[in-house]
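Residue-level listing of the chains:
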Amino acid sequence: MDVLAALDVEEKSARQALARTAADGWIVASRDGRRTRWALTPAGRRLLSEGAERIYTFAAEESSWDGRWLVLTVSVPEQLRKLRHLVRTRLAWAGFGSPVPGVWISANPAREAEAKQIFADLGLTEGLFSFVGQFAGIGSPAQLVAQAWDLAEVAAHYRAFIEVAGSFAPASSSAELDFLVAQVRLVHEWRRMPFIDPQLPRALLPPVWIGAEAVKLFHAQHARWTSHAAAAWAAQSPC
C-alpha cells in the first residue's frame, strides 16, 4: 500500500507488528484462499473506539472545577509485577496520578466509573477503595500536584509536539497522499498526550500553560488536512 511506503513502514516491521497485536488479542486472522485477512476482535474494536474518543476529545473546553478530588487506594502484591504495570498504565491513561505508592488521585471525580472498569478488566476485586472530597488543611493542592505529576515534563512534551507538528505541513500543491501521511504522523504524535497530560483544572496549572497552544495547533492542522487525507485514503487499493 502506498501509504505504508510513504510512512517508511517496511514489510518485515508490519508483519512483526501484526503478530504482536494478534498475540495481545486485538486482531484475529482468517484465511481467504492463499491470503490472510486481519480483523479487529471485539476487544480491539473497543480499544480503538475508546482511544479515538479520548484522542479527539482530549483537552476539550473544561467546565469550572468544584474543588473535589477523587482518591483511590489500590493494593497489588509486589510479586504481581505485570499486573502492577497494567494498573499504572491504565490509570495514567485515565488521567490519574500517584502522589504516594498505592494511592491514585484525579481532579475529576467523574473518572471513578472509568477506574471501576479498569479494575474489572484487570480482575481486581479486593484491596480497592475510593473517596471523593475537597482538599483539607494539611499540605496544599500545589504540593499534591507536584508529587503526583511532573508538569514541567508535560510542558516539555507539548513543546516537542509543537515543534515536530509544524514540520509535517505539506505544501499546498502537494499530492493528496502527502496530506494523508501528514495526518497520520500528526495523530501519532498527539495520541501520546492523553497518557502524559492528566488534564488538570486551570486552577491547578501554571499561569501560562503551553498545553493550550498545542491543543489549538493539533485541531487546526487536523481540520486543515482532513478532506485531502480522506480522499487519499479512499483512493488506496485494498492490501
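Residues numbered from 1 in each chain as written. Predicted model: local features only at pLDDT ≥ 70, side-chain atom pairs only at ≥ 80, totals over all residues. Heavy atoms only, no water.

**Things to note about the sheet that holds strand E5 (residues 103-106)**
- One open sheet holds the four strands; their spatial order is E4-E5-E3-E6, and the pairing between them is antiparallel. Two strands lie at the open edges of the sheet, namely strand E4 (97-100) and strand E6 (128-134), each paired on one side alone. Pairs of neighbouring strands in the sheet enclose a mean axial angle of 30 degrees, with direction left out of account.
- In this sheet, E5 lies alongside strand E3 (residues 68-74) in antiparallel orientation, the contact comprising four bridges. Bridging across to E5, Val-71 finds its partner in Ile-105.
- Relative to the sheet, helix H5 (residues 112-121) contacts E3 and E6, its axis offset from that of E3 by approximately 15 degrees.
- Where helix H6 (residues 141-148) meets the sheet, its contacts fall on E3, E4 and E5, and the angle it forms with E4 comes to roughly 105 degrees. (Pairing = 2+ DSSP bridges. Helix = DSSP H or I, 4+ residues; strand = E, 2+ residues; numbered from the N terminus. Axes fitted to C-alpha atoms, helices over the stretch in contact; angles between N-to-C directions. Contact = heavy atoms within 4.5 Å.)

**Overview of the pattern of salt bridges**
- Scanning all chains against the criterion turns up nine salt bridges.
- For Arg-54, the salt bridge identified is with Glu-114, shortest N-O distance 2.8 Å. Of this pair, Arg-54 sits in helix H3 (residues 42-57) while Glu-114 sits in helix H5; the two residues are 60 residues apart in sequence, bridging distant segments of the chain.
- Residue classification places Arg-54 among the buried positions, given a relative accessible area of 18%. (Salt bridge = Lys/Arg side-chain N within 4 Å of Asp/Glu carboxyl O. Buried < 20%, exposed > 50% of the residue type's maximum accessible area, 1.4 Å probe, protein only.)

**A few points about the packing of helix H8 (residues 176-190) against helix H10 (residues 211-235)**
- Here H8 crosses H10 at 140 degrees, and the two axes come no closer than 7 Å. Taken together, the axes of H8 and H10 are oblique relative to one another. Between H8 and H10 lies a crossing whose hand is left-handed. Listed contacts from H10 to Glu-176, Leu-177, Phe-179, Leu-180, Ala-182, Gln-183, Leu-186, Val-187 and Trp-190 of H8 are Ala-214, Val-215, Phe-218, Gln-221, His-222, Trp-225, Thr-226, His-228, Ala-229, Ala-231, Ala-232 and Trp-233.
- Split by residue class, the contact of H8 with H10 holds 15 nonpolar, five polar and one charged. (Parallel < 35°, antiparallel > 145°, perpendicular 65-115°, else oblique. Left-handed = near helix turned anticlockwise from the far one by under 90°. Nonpolar A, V, L, I, M, F, W, Y, C, P; charged D, E, K, R; others polar.)

**Quick look at H8**
- Taking 1.5 Å of rise per residue, 15 residues should cover 21 Å, and H8 covers 21 Å from first to last C-alpha, within 8% of that figure.
- Listed as buried for H8 are Phe-179, Leu-180, Val-181, Ala-182, Gln-183, Leu-186, Val-187 and Trp-190. (Expected span 1.5 Å × (residues − 1).)

**Some points on the environment of Ala-148**
- Tracing the backbone through its elements, the reader meets Ala-148 in helix H6.
- In this structure, the C-alpha to C-alpha distance between Ala-148 and Gln-183, residues 35 residues apart in sequence, is 33 Å.
- If near-sequence neighbours (up to four positions away) are discounted, Ala-148 is found in contact with Gly-97, Ser-98, Pro-99 and Ile-105.

**Remarks on unusual backbone geometry**
- The phi dihedral of Gln-199 falls on the positive side, at around 55 degrees, and the residue is not glycine.
- Along the chain, Gln-199 falls in the loop between helix H9 (193-196) and H10.

**Concerning the side chain of Ser-106**
- Here Ser-106 shows up in strand E5.
- We classify Ser-106 as buried; its relative accessible area is 0%.
- From its side chain, Ser-106 meets the backbone nitrogen of Asn-108 in a polar contact 3.0 Å long.
- Once you skip the residues sitting within four places of it in the chain, Ser-106 turns out to touch Trp-69, Leu-70, Phe-96 and Arg-111. (Polar contact = N/O pair within 3.5 Å; in protein donor to acceptor, adjacent residues only side chain to side chain.)

**Focus: the packing of aromatic side chains**
- Within this structure, the stated rule accounts for six aromatic pairs.
- Ring geometry for Trp-190 and Phe-218: centres 4.8 Å apart, planes at 10 degrees, overall stacked. One end of the pair, Trp-190, is in helix H8; the other, Phe-218, is in helix H10, and 28 residues separate them in sequence. Assigned by exposure class, Trp-190 and Phe-218 land together as buried.
- One aromatic cluster is present, built from ring pairs that chain together Tyr-56, Tyr-158, Phe-161, Trp-190, Trp-209 and Phe-218. (Phe/Tyr/Trp six-rings, centres within 6.5 Å; stacked < 30°, edge-to-face > 60°.)

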